[in-house]
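Next come the chains, spelled out residue by residue.
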Amino acid sequence: QVQLQASGGGLVQPGGSLRLSCAVSGFTLDRPAIGWFREAPGKEREAVACLSTNNDIWYYPDFVKGRFTISSDKSKNSVYLQMDNLRPEDTAVYYCAADLGHSSSYYLCHSRPSEWGHGTQVTVSS
């Protein structure tokens with residue numbers, strides 16, 4: 001059974017940092033594309049970071065470049081999202097996801113993931 005469980009969210013002040021984790025089961029991080037997506041109130045789902053696990057090529061949209069970093073630990077079958085310099089507009093439910101049919105990080109961040117997990121709430125407020 002494929003599962004992706006995000007954790008590590010919480011309340012943080014503007015300019016603060018959070019590190020999200022995703023426990024992966026049902027597949028290994030040696031071929032698929034993996035990524036992080038978010039859904040804010042009143043807004044559609046958007047990608048924030050994606051990674052090709054076969055060659056470590058990543059993709060970030062402009063609004064997170066220089067602030068967010070995606071990484072993986074293949075020995076632990078886990079994915080991480082380091083978020084620095086958080087802004088109120090980063091408030092959202094964050095999800096980890098994967099595309100088992102493609103290895104391109106760019107493709108995953110511009111499409112619907114084939115595997116979807118439960119999210120973790122991130123709130124940025126003073």
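Residues numbered from 1 in each chain as written. Predicted model: local features only at pLDDT ≥ 70, side-chain atom pairs only at ≥ 80, totals over all residues. Heavy atoms only, no water.

Student: With reference to specific residues and values, describe unusual backbone geometry.
Tutor: Most peptide bonds take the trans form, and the phi angle of most residues other than glycine is negative. Non-glycine residue Asp56 carries a positive phi angle of around 65°. Summarising the element assignment, Asp56 is placed in the loop between strand 5 (46-52) and strand 6 (58-59). Taking relative accessible area as the criterion, Asp56 reaches 44% and is therefore assigned partly exposed. (Helix = DSSP H or I, 4+ residues; strand = E, 2+ residues; numbered from the N terminus. Buried < 20%, exposed > 50% of the residue type's maximum accessible area, 1.4 Å probe, protein only.)

Student: Break down the side chain of Asp90 for me, citing the residues and quoting the values.
Tutor: With respect to the helices, strands and loops of the structure, Asp90 is situated in the loop between strand 8 (78-83) and strand 9 (92-99). Setting aside chain neighbours within four positions, we find Asp90 in contact with Arg38, Arg67, Phe68, Asn85, Val122 and Val124. (Contact = heavy atoms within 4.5 Å.)

Student: Could you give an account of the environment of Leu20, with specific residues and numbers?
Tutor: Along the chain, the position of Leu20 falls in strand 3 (residues 18-25). The sequence separation of Leu20 and Ser111 amounts to 91 residues, and the corresponding C-alpha distance is 22 Å. In this view, Leu20 contacts Ser7, Gly8, Gly9, Trp36, Val79, Tyr80, Leu81, Met83, Tyr94, Thr120 and Val122; residues no more than four positions away in its chain are not counted.

Honestly, that's just the spatial picture; any functional story needs more than this.
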